[in-house]
Number of protein chains: 2
Amino acid sequence: MSTDMEKVDKAIDLLKDSGVRITPHRHAILEYLVISESHPTADEIYKALEHKFPNMSVATVYNNLRVFKKTGLVKELTYGDASSRFDFSTKPHYHIICNKCGKIVDFYYPGLNEVETLAAQVTGFTVNGHRLEVYGICPDCQNKAAKDKDGDHPDQVSVTE
Amino acid sequence: MSTDMEKVDKAIDLLKDSGVRITPHRHAILEYLVISESHPTADEIYKALEHKFPNMSVATVYNNLRVFKKTGLVKELTYGDASSRFDFSTKPHYHIICNKCGKIVDFYYPGLNEVETLAAQVTGFTVNGHRLEVYGICPDCQNKAAKDKDGDHPDQVSVTE
DNA sequence: CAATGTAATTATAACCATTTTAATGTGATA
DNA sequence: TATCACATTAAAATGGTTATAATTACATTG
């Protein structure tokens with residue numbers, strides 16, 4: 001178990017070892033990815049840091065996220081037309097995503113080697129990896145839905161869709 | 001085992017039952033989805049049909065794909081910034097995707113209920129479903145790579161990234 | 001066989017996340 | 001200090017997809 005600071009430092013060491021120059025921007029973006037404990041979009045990162053770097057361009061955020069991706073520090077999560085989200089990933093893990101509010105929560109699962117093996121056998125592909133996401137409704141949205149129904153006190157507005 | 005024609009007819013019946021008007025465009029798009037045996041992009045469908053319907057607009061393709069999605073006949077496969085691909089799906093199945101050429105091949109797997117159950121327990125979500133894709137290199141691209149190398153005949157090529 | 005209203009289609013413009021470009025700035029190294 | 005590679009900026013371009021408004025086709029009813 002390591003603190004956020006330690007995670008950032010470790011990431012920075014890894015970047016340095018790969019010959020990546022550590023700029024204030026890069027430090028800040030990394031730090032935000034670690035501290036936010038979430039899976040922010042490029043724009044969220046940009047907005048979160050623009051008070052600190054008033055001249056920073058969005059392109060810088062994208063450029064640096066790409067650098068982080070190349071070193072394997074960060075994974076890009078893509079979901080159709082919406083913005084990509086960026087995941088500072090230490091351990092391999094899967095995501096469960098709320099269909100109502102879009103929240104993304106990590107969970108661990110032993111691995112799905114069996115699926116990979118079967119897919120390889122059946123299709124003749126050589127397999128590199130896989131992607132798995134589970135979809136559902138998060139506890140918060142479940143509660144909101146329950147409250148909306150109760151008796152009929154619409155003192156809470158139902159949102160949905 | 002049913003023929004392509006039967007599949008199309010069945011799909012059309014289903015659409016009619018849902019009150020969807022069957023226009024020549026819709027018939028042609030459906031037919032292309034079934035016959036192509038692939039997972040075309042909206043633009044591929046558009047290009048494939050523009051000789052038959054010289055005045056057809058791209059918007060029509062998108063509109064009708066959305067109609068098909070609503071009835072559950074077609075699934076949209078989204079991969080980041082690239083174009084969506086559309087899958088005329090009869091049985092549930094998974095996809096394995098070539099990292100080199102982008103080819104998508106179907107395969108079947110008993111099901112991953114266990115993952116869903118575990119994810120639900122750990123996160124408190126109620127689960128609706130999941131998405132799984134396997135990535136690798138397709139046989140064609142393996143052969144191409146082998147041929148490119150052929151000084152020292154590696155009968156199996158290891159690929160990464 | 002009109003007349004009517006609804007749904008489909010067209011053409012074009014708008015959208016928006018992301019990337020590219022070209023110019024400028026910065027920092028490490030020798 | 002000179003140099004050179006790399007970072008950053010600002011703005012424009014890209015490209016898939018959607019929205020808009022006008023037009024057209026179709027099914028239904030009288």
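Since we're looking at a predicted model, the values are computed, not measured. (Residues numbered from 1 in each chain as written. Chains lettered and ligands numbered in written order. Predicted model: local features only at pLDDT ≥ 70, side-chain atom pairs only at ≥ 80, totals over all residues. Heavy atoms only, no water.)

**A look at the interface of chain A and chain B**
And then number 1: With 37 residues of chain A at the interface, the matching set in chain B holds 39 residues.
And then number 2: The interface formed by chain A and chain B contains 0 salt bridges.
And then number 3: For the pair chain A and chain B, the number of links is 12 residue pairs in polar contact (both at pLDDT 80 or more).
And then number 4: The set of elements that each furnish at least two residues to the side of chain A that touches chain B consists of strand 3 (94-98), strand 4 (104-107), helix 5 (113-123), strand 5 (126-137) and helix 6 (139-149) of chain A.
And then number 5: By residue number, the principal contributor to the side of chain A that touches chain B is strand 5 of chain A, which donates 12 residues.
And then number 6: The residue makeup of the side of chain A that touches chain B, split by class, is 21 nonpolar, 11 polar and 5 charged.
And then number 7: Relative to strand 5 (residues 126-137) of chain B, strand 5 of chain A is paired through 11 bridges, and the arrangement is antiparallel. Following the sheet pairing, G129(A) is matched in strand 5 of chain B by Y135(B). (Contact = heavy atoms within 4.5 Å. Salt bridge = Lys/Arg side-chain N within 4 Å of Asp/Glu carboxyl O. Polar contact = N/O pair within 3.5 Å; in protein donor to acceptor, adjacent residues only side chain to side chain. Helix = DSSP H or I, 4+ residues; strand = E, 2+ residues; numbered from the N terminus. Nonpolar A, V, L, I, M, F, W, Y, C, P; charged D, E, K, R; others polar. Pairing = 2+ DSSP bridges.)

**Re the pairing of strand 3 of chain A**
Residues in a regular strand point their side chains to alternate faces of the sheet.
Residues and elements named next belong to chain A.
And then number 1: Counted residue by residue, strand 3 has 5 buried out of 5 residues, so it is predominantly covered.
And then number 2: Because side chains alternate across strand 3, one face comprises the buried residues Y94, I96 and C98, and the other comprises H95 and I97, equally buried.
And then number 3: Across 4 bridges, strand 3 lies against strand 4 in antiparallel orientation. Looking at strand 4, one finds that H95 is bridged to D106. (Buried < 20%, exposed > 50% of the residue type's maximum accessible area, 1.4 Å probe, protein only.)

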